[in-house]
Amino acid sequence: MNTHSIRFGLLAGIGTIAILLSVYFIDKKLMFSPGIVWSTIFFYIIGMTMAATEQRKDQGGFISFKEALRASFIVWLIANAIYHLFNYLQFNFFDPELLIIQKEQSLEMLEQNPNLLGEEYMEAMVANIEQTTYNLGETIYAYILSLIAGFIIAAIIARAVRRDNFAAIP
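Residues numbered from 1 in each chain as written. Predicted model: local features only at pLDDT ≥ 70, side-chain atom pairs only at ≥ 80, totals over all residues. Heavy atoms only, no water.

(A) Fine view of the nonpolar core. Ranked by size, the top nonpolar core spans 20 residues in total, and within it Tyr44, Met48, Trp76 and Ile153 carry the most contacts. Residue assignment for this core shows that the elements contributing at least two residues are helix 1 (3–26), helix 3 (41–58), helix 4 (65–94) and helix 7 (136–161). Ranked by residues supplied to this core, first place goes to helix 4 with seven residues. Residues in contact with Met48, not counting those within four places in the same chain, are Ser72, Val75, Trp76, Gly150, Ile153, Ala154 and Ile157. If you look at the next biggest cluster of nonpolar residues, it comprises twelve residues, including Ile17, Leu20, Phe32 and Phe86. (Core = buried A, V, L, I, M, F, W, Y, C linked by side-chain atoms within 4.5 Å. Buried < 20%, exposed > 50% of the residue type's maximum accessible area, 1.4 Å probe, protein only. Helix = DSSP H or I, 4+ residues; strand = E, 2+ residues; numbered from the N terminus. Contact = heavy atoms within 4.5 Å.)

Set out below in structure tokens:
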């Protein structure tokens, strides 16, 4: 396995947790701010790019799309596993009140835009929010769904980082 991917995956995961914990200790409600949640993806992107770039350096300045994709996607796998494990532990063991806060904030966001989704869809969303839990099955499901986005981002990064050594091909 690619040591760069492991290292940068761990760093991206730990960086994400550090940001979330910092925000948690400032104000728990901020943890659910879209700006905070989406900003953590930059740790992933930086780690994914660094892993593929370091792998390319190790290979004499050349890396295929497939190799770059693998290097960057492993970072996503590791960092996101750390993130989801952190959320699972925090919501279920360290501070179960976070689930209540998240539900309240989600409902507030829906109330701010009542005509955006239509009445039937809005009722379904409210029911879905009220039934939300962070059990292990849902955590694993969320992790698996996140792999789609991770793969797309890894493919974009692999395309940008890739450098084929056409001179070496007979």
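(B) Region of interest: the pattern of salt bridges. All told, the structure shown has three salt bridges when counted by the stated rule. In this structure, the salt-bridge partner of Lys28 is Glu97, at a minimum N-O distance of 3.3 Å. Of this pair, Lys28 sits in the loop between helix 1 and helix 2 (34–39) while Glu97 is found in helix 5 (residues 97–112), placing the two residues 69 residues apart along the sequence. Accessibility expressed as a relative area gives 24% for Lys28, which makes it partly exposed. One salt bridge connects Lys57 with Glu54, and the closest N-O pair in it is separated by 3.4 Å. Highlighted residues: Lys57 and Glu54, both in helix 3, separated by three residues, approximately one helical turn. Linked by salt bridges that have partners in common, Lys28, Asp95 and Glu97 make up one network. (Salt bridge = Lys/Arg side-chain N within 4 Å of Asp/Glu carboxyl O.)

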